[in-house]
Amino acid sequence: MSKQWPSSQFCFCWIFNVGRGSSAFVRTPSNHGILVDCGYEGDPILPHIEVEILPHLKDAGEERKIAQSVLSHPHLDHIRDIDRLMKLNPSLHTCPNDKDPIDGWPDERVNWDLVDNAEDEEDLIGKYRAAYKERSLPLRVFDFGDVVSNFAYSLFYIRPPVSEDRLPKADYTNNLSVFSQIQYGGSNLFIGGDIMASGMKHVLAEGSEVRVTGDGIHTDAADRTSDRVLFRKWAKAGYSIFVAPHHGLKSAYSQELFDHLRDNNATIKLNVISEKSNTGDGQGDIHPAYQKKSDVVQGRSVLLRVETDDGEWDIKSEERCSLTTRSDGHVLVAMYRTAKPKVVACKDLTWILRHGPDFLLQA
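Residues numbered from 1 in each chain as written. Predicted model: local features only at pLDDT ≥ 70, side-chain atom pairs only at ≥ 80, totals over all residues. Heavy atoms only, no water.

Student: Is there a simple way to explain the packing of aromatic side chains in this structure?
Tutor: Two aromatic rings, taken as a pair, are described by how far apart their centres are and by the angle between their planes. One pass over the full model with this rule turns up 25 aromatic pairs. Aromatic pair phenylalanine 156 and phenylalanine 231: ring centres 5.4 Å apart, planes at 75 degrees, arrangement edge-to-face. Pair noted here: phenylalanine 156 is in strand S6 (residues 151–157) and phenylalanine 231 is in helix H9 (residues 229–236), with a separation of 75 residues, a long-range link. Overall, phenylalanine 156 belongs to the buried group, its relative accessible area being 0%. Where phenylalanine 258 meets tyrosine 290, the ring centres are 6.1 Å apart and the plane angle is 75 degrees; that geometry is what we call edge-to-face. Remark: tyrosine 290 occurs in the loop between strand S11 (271–273) and strand S12 (300–307) and phenylalanine 258 occurs in helix H10 (residues 255–263); sequence separation between them is 32 residues. You'll find phenylalanine 258 and tyrosine 290 in the same group, each marked buried. (Phe/Tyr/Trp six-rings, centres within 6.5 Å; stacked < 30°, edge-to-face > 60°. Helix = DSSP H or I, 4+ residues; strand = E, 2+ residues; numbered from the N terminus. Buried < 20%, exposed > 50% of the residue type's maximum accessible area, 1.4 Å probe, protein only.)

Student: I'm lost on the environment of aspartate 328 in this one. Help?
Tutor: On the secondary structure map, aspartate 328 appears in helix H11 (residues 325–328). Linking aspartate 328 and alanine 345, residues 17 residues apart in sequence, is a C-alpha distance of 6.1 Å. Each residue touching aspartate 328, except ones within four places of it in the same chain, is listed here: Arg320, Leu323, Ala345, Cys346 and Lys347. (Contact = heavy atoms within 4.5 Å.)

Student: Just to check I follow, could you spell out unusual backbone geometry for this structure?
Tutor: A negative phi holds for most residues other than glycine; trans holds for most peptide bonds. Although it is not a glycine, aspartate 37 sits at a positive phi angle of roughly 70 degrees. What makes aspartate 37 buried here is its relative accessible area of 2%. In the Ramachandran plot, asparagine 150 falls in the positive-phi region, its phi being about 65 degrees despite a non-glycine side chain. Relative to the assigned elements, asparagine 150 resides in the loop between helix H4 (122–130) and S6.

Have a look at this one:
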């Protein structure tokens, strides 16, 4: 069957079930690809993306199929497959780093003494640090060239020296998270990395570094934005899909963000949680605010592709406030201009990659 989605102007976002890790892939309306994190436990996700998605994307220069890779922060569950990622040669690679600053741009260097990874993972961290050795500052966003009406893509981050000096040291590495938002018509999708409650409070109150590209936005001008205006403005519009920071855990839930949404009569239509099971002292508990209706969390209809008792597959529709990758499987979101997003979840990775986009085009 021929694929229809590569020629459509839908924006697709896969949020993968990768066990204790985190990984998402965005296909833009201009048919470029953005990878957000590549951590996993068990079966790595990148080989499947390479086979099922990348051949259908537009080249991003020199036959590079990934327009931009974003490693939100240097925790192992977000960077575990970095070796394979760099072999795919993304056109633009973005991550918190410890390169020396250059003239005209602020210090972005990571304090590795505060990064709380296991000592036996030094080789992986070495690959992470080598991955940006050719990258020039500052943090950038890929210029897609083909302007799509009402589409914008942005990255936000708290510079490492700010995280070190003004936020709790215990939250340092997670608060380095580069987090992203995608606006398409009336839809707004948020991918939160592992930013903690302390980091989100800082972003809302004092701002962050911002990089934006998209319809009606001049990238060079947007590169120097460093205040709270843009994030607060986008948050005031509410979120069609909210990929909860730090796997939806209680430790990172931001009451300040929920209060900001509530104060502006803004809502979250659906929370997506890349569920991470930790052990001991409730560390693995998802915050209940993500999973129940409230004046902020509204809920929406989603499609679930489930296996039946006789081994066949069936599609059912449910009203949900949240989806979790551990319970519901891989999640695919389709956004198109002013239409409401469509969402399907399935535990079959091959199906959600190979058939999911065309299924949502017709749903």
